[in-house]
Amino acid sequence: MMDEKRTGRVTIPTDLDAVPETLTLMQRWGADAIRDCDGTEFPEALRNTGAKVYATYYTTRKDNAWAKANPDEIQQCYIMTPFFTADGEGALQIPLMKGISRELLQVNDRDDIARWWEVMDRTTGQPLPAGAWSYDADKEAVVISAPAAYHEYTVSFLAYLIWDPVHMYNSVINGWTDVEHQIPFDVRQPKTHQYTLERLRRFLESHPYVDVVRFTTFFHLFTLVFDELRREKYVDWYGYSASVSPYILEQFEKEVGYKFRPEYIIDQGYYNNQYRVPSKEFKDFQAFQQREVNRLVREMTDIVHEYGKEAMMFLGDHWIGTEPFGPVFAQSGVDAIVGSVGNGSTLRLISDIPGVKYTEGRFLPYFFPDTFHEGGDPIREAKENWVTARRAILRKPIDRVHQLTELCTRYGELFCVWMDGACGEGPNGKRQVYDWPRYYETVRRLQPGAVLSVCGPDVRWCGNEAGHCRPSEWSVVPAQLMDAAYTAGRSQQADDGTFSRRVNRQDEDLGSRDVIAAAGELAWYPAEVDTSVRPGWFYHPEEDSQVRTPEELLDIYLDAVGGNAALLLNVPPAPNGRIAPPDCAALAGLGRKIQNLFALDRTGLGELSAPGSAEGNPLACAADGRSDTWWQSAPGEGQPTLTLTFAQPQEISCVVLGEYLPAGQHIEAGEIRADGRTVAGFTVVGHKRICRFAPVRAKQVTVCITASRAEPALRLLVVYREQQAE
C-alpha cells in the first residue's frame, strides 16, 4: 500500500483550466489531496505536487460502446404502472409507460414476462394468473381480458435503464446537454462482469500517477424515476428497485429456496421506502444483494490494491448493496469513504462508518443551478449546514487520539496536555467515554516531556475552577485521587458562567496526617488551580464588564502560586482572534502588581543565622537562589528557626519560602516574625509559599517552623519589600 501523505486533510477538485488556482488553494488550505471533476482528465501539471491524486472511476457507465453491444446486460429496474379501474364493459388495457420517461426506461419484453412480470388486482391484493392477461408489444400495454368490474389493477414489469438516472438528472437540471446519454451496464451479468475487471486493470495501468481510485460507488443505483416531462416522479435513496434482473433473481431463488415475486420490490407501489415496515422477503433480498455485491466489490478492491493504490467509495449514487453499516461491508476491502455532508445527520452517518481507514465529508450545498432557486440562499445554507455538522461532531463520543496525535506532532514541544474529563451533556445526557490509558500512551510516546494534568497522572486538579486553593495543599495525597473517573465526576458539567467564581469546599483536607494514615496507598500528585479571567471559558461581549480586576487576580495568584499549586488562568480570544481590551487591561494590571510585590529583594542586606544545620546542608544554601542546593535543620531540632538580621531596620512586606522537594514535603505550619512580633502565619510550604503582610520596619525577620513531619529542607528563602504603585 502506498505511503500515506498528509498535510491539512483537505481534498480539492481540479480541472484542466484551473491549474494555477488549484496550486494557490493547495498552499492556502494545506490540501493533501486533489481529485478530478467526476471523470474529467487530470491535469498533467498537478501530478507531481506531492499531494494524493484521486481519480474518479465509473464501474457502471462511461462505456456506451460496451452497453450498446450487449443490450441484454444493461441495468434494469422494476416499475409499477398507475392504478387502472375496470369499468365493467370488457377488457382493460394498461399502458406500461404512462407517466414514465421513454428517454429513461425501455420495457424489457425480451425475458419471460409471464415469470418476471406481475399483474395485480389491487382491490383484492391478489396477483392474476398469467393466462388472465396478455401483452400487446406494439402498444406496450398489458390487456386483461375479463377484469372484475370496478376493481383496480396495476402491472409490475421489468424495464431497461437506457439512460443512467444520475446522468439524466445532470442533463435536465444542470444543463449537461452536449454529451451522449450514458447507458448503465450491469456488472453482475456474466459478460460484463469479466469485461469490467479487465477494464479496471487497463485503467490502473494507464494511470500510474493515481494514488486513490475514487469509485463513484459501485453497481446498483438508488431508485430515481422521471416522467414524460423529465420531472422527478419518484426518488428513494434507499430503494432496491434498480438492482434486479432475471439473472440476479434466479440466483436469489436458488439461495432462499422460494419463488421470487415482483411484489417483494414493488410493495403496493411504495417500493419499500424507509417509512414502510419491510417484509421478510424484501429483507432476504437485501441480505442476498449485499453479500453478492460486496463479493464483487472485493474483486475490484483486490485489483486496486494489487497495483499499490487505495480504493475509495463515494457514498452517493450506485451504492445499493454496499451499505456501510451492513453486516458484510467490512469484507469489501474498501479503504475509504467520501460522502456529501448536508447536515449533522449525514456527517455522523459518514464519520461513524466502521471498517475503513478514513472517511471524508464533501460539504454542501452543491453550487448547481438548482441551488439558486427563487428565494434560495446557498451561502446561508452552507453556513447552517456547517454549524449542524460541527455540533454533530461534538454530540457523540469520538476517537480523540487522532486529534491528539496531530497536536503532539505538528506544534513543536508541548509543556502540558490538559485532560479535562467533563461530560458536557448534563445529568440526563449521554456520558462521554474516555480511553485514558490510550491517551496517556500517545502523549508519553510523542511528547515525553509533557505534563499530563487534571485527569492525568502528573498534575492534580484542585477541585474547583474559581481559583481557590486549599489552606494546606499537600502534594502527597491518597492514590484514589489519581483515578481519572473520580476527577471527571467532579469536573465542570456545563459552561453556565458561574463555575469560575463557584467554590466547592468538599475535600478541603486531602493530605493531613489523619487523612493519609487512613488512605492506604499514597501518591505524589501536586495540584493545579484553574480559573478564567471571565465568568466562563469563552468570550462573550456582554461579559466585558465582568472581567476580574487586577486586585482579584493577584489574590488568586498569591493563593495558588503562593500555596504550593500551579495556576492556569484562562484568557479566551475574541472572534477576531485577539485578546479583548478589558482582558488585556486586567492582565497588564496583574503583571504590574506582581512586579511591584517582588521589586525589592532585601535578603542580601542581612545576615542569615540558625541554631543548627544538618551536615552537608549549610545555612547559606537556603538563600543562594539555586534549585539544587538546600538547607536542612539539625536532627532532633524541635522547632527550627532561621533569622535574617539587618545592620539597619528595613521595611519588609513579603517572605517567600520553598522546600527542596526531592527530599519530600515536610513543613506543616510556621510563622513569620518581625523583631519578635508575628506578622504572618502559614501552613504547608512545598514548592512555594508566599507570605504577604502589611509593610513593617524591622531589624530582624525570623522564619519559625512550628510543625514538620521531618527535618525541614529549605531551598528558598527571600525577603521582599513591596514597591508602591506609580
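Overview of the structure.

## A short note on the overall build of the protein chain
Move 1: Counting its regular elements, the protein chain contains 16 helices and 33 strands.
Move 2: Against the 2.2 N^0.38 benchmark of 27 Å for 726 residues, the protein chain shows a C-alpha radius of gyration of 38 Å, more extended than a compact globule.
Move 3: With respect to the principal axes defined by its C-alpha atoms, the protein chain has extents near 125 × 60 × 50 Å.
Move 4: By the burial criterion, 50% of the 726 residues in the protein chain qualify as buried.
Move 5: Long-range pairs, those at least 24 residues apart, make up 73% of the contacts in the protein chain with a sequence separation of at least 6.
Move 6: For the protein chain, the exposed surface amounts to about 34,200 Å²; the carbon and sulfur share of it is 51%.
Move 7: Taking the average place of the 75 positive charges on the side chains of the protein chain and the average place of its 100 negative ones, the gap between the two points comes to 3 Å.

## Comments concerning the environment of Arg-692
Move 1: With respect to the element layout, Arg-692 can be found in strand S32 (residues 689-708).
Move 2: Taking relative accessible area as the criterion, Arg-692 reaches 38% and is therefore assigned partly exposed.
Move 3: Between the C-alpha atom of Arg-692 and that of Arg-721, which follows or precedes it by 29 residues, the distance is 9.9 Å.
Move 4: For Arg-692, the contacting residues outside a window of four places in its chain are Leu-554, Leu-558, Leu-597, Ser-653, Cys-654 and Glu-722.
Move 5: Side chain to side chain, Arg-692 and Glu-722 meet in a polar contact 3.1 Å long.

## So, helix H8 (residues 280-306)
Move 1: Between its terminal C-alpha atoms H8 stretches 39 Å, which fits the 39 Å expected from 27 residues at 1.5 Å a residue.
Move 2: One or two steps after H8, the chain reaches Gly-308, where phi turns positive at roughly 75°.

## What about the sheet that holds strand S11 (residues 141-144)?
Move 1: Strand order in the open sheet made by the 3 strands is S6-S11-S10, with antiparallel pairing throughout. Edge positions in the sheet fall to strand S6 (92-95) and strand S10 (133-136), since each has one partner strand and no second. Going from strand to strand, the sheet's axes swing by 25° on average, the running direction of each strand aside.
Move 2: Inspection of the sheet shows S10 paired to S11 by 4 bridges, in the antiparallel sense. Paired with Trp-133 across the bridge in S11 is Ile-144.

## Here we look at the side chain of Ser-101
Move 1: Turning to its location among the elements, Ser-101 is positioned in the loop between S6 and strand S7 (105-107).
Move 2: A residue is classified by how much of its surface remains accessible, and Ser-101, at 2% relative accessible area, is buried.
Move 3: Within polar-contact distance, the side chain of Ser-101 engages the backbone nitrogen of Glu-103 at 3.2 Å.
Move 4: Excluding residues that lie within four positions of it along the chain, Ser-101 makes contacts with Met-168, Phe-226, Asp-227 and Glu-228.

## Digging into the nonpolar core
A general feature of soluble globular proteins is that nonpolar side chains tend to end up buried together.
Move 1: Residues Tyr-78, Leu-105, Trp-117, Phe-157 and Phe-215 are the most contacted members of the largest nonpolar core, which totals 94 residues.
Move 2: A per-element tally of this core places H8 first, with 9 residues.
Move 3: When neighbours within four sequence positions are excluded, Leu-105 is seen to be in contact with Cys-77, Ile-79, Met-97, Ile-100, Ala-159, Tyr-160, Leu-161 and Ile-162.

## Topic: a nonpolar patch on the surface
Move 1: Where nonpolar side chains cluster on the molecular surface, the patch consists of Val-235, Trp-237, Tyr-238, Phe-325 and Leu-349 and spans about 480 Å² of accessible area.
Move 2: The class of Tyr-238 is partly exposed, set by a relative accessible area of 43%.

## Thoughts on the sheet that holds strand S24 (residues 527-532)
Move 1: What the 5 strands build is an open sheet, ordered S19-S20-S21-S24-S25; its pairing is parallel. Strands at the two margins of the open sheet, each flanked by one partner only, are strand S19 (416-419) and strand S25 (565-570). Ignoring which end each strand starts from, the neighbouring axes of this sheet average 30° apart.
Move 2: The sheet contact formed by strand S21 (residues 459-461) and S24 spans 2 bridges and is parallel. Of the residues in S24, the one forming a bridge with Trp-461 is Glu-528.
Move 3: Packed onto the sheet, helix H12 (residues 436-446) meets S19 and strand S20 (451-454) and runs at close to 170° relative to S19.

## Topic: the packing of helix H15 (residues 550-560) against helix H16 (residues 581-597)
Move 1: The geometry of H15 relative to H16 is characterised by a closest axis approach of 8 Å and an angle of 55° between their N-to-C directions. Classified by the angle their axes make, H15 and H16 are oblique. Once H15 is placed against H16, the crossing between them reads as right-handed. Seen from H15, the contacting residues are Pro-550, Glu-551, Leu-553, Leu-554, Tyr-557 and Leu-558; seen from H16, they are Ala-586, Gly-589, Leu-590, Lys-593, Ile-594 and Leu-597.
Move 2: When grouped by side-chain class, the residues that make up the contact of H15 with H16 number 9 nonpolar, 1 polar and 2 charged.

## Side note on the pattern of salt bridges
Move 1: As enumerated under the stated definition, the model contains 36 salt bridges in all.
Move 2: The salt bridge partner of Glu-253 is Arg-115, with a shortest N-O separation of 2.5 Å. Pair noted here: Glu-253 is in helix H6 (residues 246-256) and Arg-115 is in helix H3 (residues 113-116), with a separation of 138 residues, a long-range link.
Move 3: Note on Arg-115: relative accessible area 30%, which makes it partly exposed.
Move 4: Between Arg-444 and Asp-458 there is a salt bridge; the shortest N-O distance is 2.9 Å.

## Some remarks on the side chain of Asp-164
Move 1: Mapping Asp-164 onto the fold places it in the loop between strand S12 (152-161) and helix H4 (165-174).
Move 2: Using a relative accessible area of 0% as the deciding quantity, one classes Asp-164 as buried.
Move 3: Apart from the residues lying within four places of it in its own chain, the contact partners of Asp-164 are Arg-61, Gln-182, Pro-184 and His-318.

## Examining the packing of aromatic side chains
Move 1: Under the criterion given, the structure shown has 27 aromatic pairs.
Move 2: Where Tyr-234 meets Tyr-271, the ring centres are 4.9 Å apart and the plane angle is 40°; that geometry is what we call tilted. Of the two residues, Tyr-234 is situated in strand S15 (residues 232-236) and Tyr-271 in the loop between helix H7 (263-266) and H8; the sequence distance between them amounts to 37 residues.
Move 3: Ring geometry for Phe-285 and Phe-288: centres 6.4 Å apart, planes at 35°, overall tilted.

## Focus on unusual backbone geometry
Move 1: Even without glycine at this site, Asn-272 takes up a positive phi of about 55°.
Move 2: Relative to the helices and strands, Asn-272 is located in the loop between H7 and H8.
Move 3: Note on Asn-272: relative accessible area 10%, which makes it buried.
Move 4: Here Asn-564, not a glycine, exhibits a phi torsion of approximately 70°, which is positive.
Move 5: Relative to the elements of secondary structure, Asn-564 occurs in the loop between H15 and S25.
Move 6: Its relative accessible area of 5% is what places Asn-564 among the buried residues.

Rules used in this analysis
- Residues numbered from 1 in each chain as written.
- Predicted model: local features only at pLDDT ≥ 70, side-chain atom pairs only at ≥ 80, totals over all residues.
- Heavy atoms only, no water.
- Helix = DSSP H or I, 4+ residues; strand = E, 2+ residues; numbered from the N terminus.
- Rg over C-alpha atoms; globule rule 2.2 N^0.38 Å.
- Buried < 20%, exposed > 50% of the residue type's maximum accessible area, 1.4 Å probe, protein only.
- Contact = heavy atoms within 4.5 Å.
- Areas by Shrake-Rupley, 256 points an atom, 1.4 Å probe, with all protein chains shown as cover.
- Lys, Arg positive; Asp, Glu negative; His and termini not counted.
- Charge placed at Lys NZ, Arg CZ, Asp CG, Glu CD.
- Polar contact = N/O pair within 3.5 Å; in protein donor to acceptor, adjacent residues only side chain to side chain.
- Expected span 1.5 Å × (residues − 1).
- Pairing = 2+ DSSP bridges.
- Axes fitted to C-alpha atoms, helices over the stretch in contact; angles between N-to-C directions.
- Core = buried A, V, L, I, M, F, W, Y, C linked by side-chain atoms within 4.5 Å.
- Patch = residues over 30% accessible without salt bridge, like charges linked within 9 Å, V, L, I, M, F, W, Y side chains within 5 Å.
- Salt bridge = Lys/Arg side-chain N within 4 Å of Asp/Glu carboxyl O.
- Parallel < 35°, antiparallel > 145°, perpendicular 65-115°, else oblique.
- Left-handed = near helix turned anticlockwise from the far one by under 90°.
- Nonpolar A, V, L, I, M, F, W, Y, C, P; charged D, E, K, R; others polar.
- Phe/Tyr/Trp six-rings, centres within 6.5 Å; stacked < 30°, edge-to-face > 60°.

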